[in-house]
Amino acid sequence: MDRLSSLRTQKRAYVYGVVEQVNGEWVFFDEDDEAHEFTSLPEEVELFRFGQWVKGWLGEDGYIYVTERYALKNGDRLRYIKPLSHAYEQWLSQLPDHAFFHFIHLMNEWNFSVYDCLYCYNYMLFAEKGVNFLMFDNSLDMCNVQHYFDDKQHRFELTLQTGKKIIGVQLDH
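The rules behind each value
- Residues numbered from 1 in each chain as written.
- Predicted model: local features only at pLDDT ≥ 70, side-chain atom pairs only at ≥ 80, totals over all residues.
- Heavy atoms only, no water.
- Patch = residues over 30% accessible without salt bridge, like charges linked within 9 Å, V, L, I, M, F, W, Y side chains within 5 Å.
- Areas by Shrake-Rupley, 256 points an atom, 1.4 Å probe, with all protein chains shown as cover.
- Salt bridge = Lys/Arg side-chain N within 4 Å of Asp/Glu carboxyl O.
- Helix = DSSP H or I, 4+ residues; strand = E, 2+ residues; numbered from the N terminus.
- Pairing = 2+ DSSP bridges.
- Buried < 20%, exposed > 50% of the residue type's maximum accessible area, 1.4 Å probe, protein only.
- Arc of directions from axis to C-beta.
- Contact = heavy atoms within 4.5 Å.
- Polar contact = N/O pair within 3.5 Å; in protein donor to acceptor, adjacent residues only side chain to side chain.

Chemist: Please clarify how a nonpolar patch on the surface should be interpreted in this entry.
Modeler: A surface patch of nonpolar side chains, amounting to about 720 Å² of accessible area, comprises Leu 118, Tyr 119, Tyr 121, Tyr 123, Leu 125, Phe 126 and Phe 133. Sort the elements by how many residues they give to the nonpolar patch and strand E9 (residues 117–121) lands first, with three residues. Summarising the element assignment, Leu 118 is placed in strand E9.

Chemist: Teacher, can you tell me more about the pairing of strand E12 (residues 153–160) here?
Modeler: A regular strand carries its side chains on alternate faces of the sheet. Both strand E11 (residues 142–149) and E12 contribute to a ladder of seven bridges, which runs antiparallel. For His 147, the partnering residue across the bridge sits in E12 and is Phe 156. The antiparallel pairing of E11 with E12 creates a hairpin that spans three residues between the two strands. As paired elements, E12 and strand E13 (residues 165–171) share seven bridges and run antiparallel to each other. Residue pairing in the sheet places Gln 153 in a bridge with Leu 171 of E13.

Chemist: Mind showing me how you'd approach helix H2 (residues 86–94) here?
Modeler: Think of an α-helix as turning once every 3.6 residues; residues three or four places apart then point the same way. Listed in full, the buried residues belonging to H2 are Tyr 88, Trp 91 and Leu 92. Projected down its long axis, H2 shows its buried positions confined to an angular sector of 95°, all on one face. Contacts from the buried residues of H2 go to helix H1 (3–8), helix H3 (97–109), E9, strand E10 (130–137), E11 and E12.

Chemist: Sorry, what's going on with the side chain of Asn 132 here?
Modeler: Within the element layout of this structure, Asn 132 appears in strand E10. Within the local environment of Asn 132, its side chain forms a polar contact with the backbone nitrogen of Met 124, the two atoms lying 3.2 Å apart. Each residue touching Asn 132, except ones within four places of it in the same chain, is listed here: Trp 91, Tyr 121, Asn 122, Tyr 123, Met 124, Val 145, Gln 146, His 147 and Phe 149.

Given below as structure tokens:
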């Protein structure tokens, strides 16, 4: 499985909602019933049609481009990938594959998604050795992640608010 595929299969990776035309303007209502202007949505979205999600691109005036131009209707269901913060996205991309997949495995074991990240301090942007700090919330638990890195290894220390802790080490080859 490649990185992009593993990210798209994470729990809570998508923002789901429906579209409605309100006062002549298209509005996206997410799962929490919050309204979003269409211009605030990413260009790439997925439309639920015929029992499956179909990748498409938002067009102008209530159109979405899937295999053909499709005119949106009130109640159509859309979803899009949740955006990641810049520092966090950079941190994920800087991890070598073995450390990336090990980190995802550790987080998923504790019922956290990569998309549960609230905060990321990415020291790897500035140094070749040090510690990154990340905070995750899955609505049931909080998890603090300390990622120790140098040219030989990546060590992840995950700690829940209860004090439960796990340490995972990935050696660079």
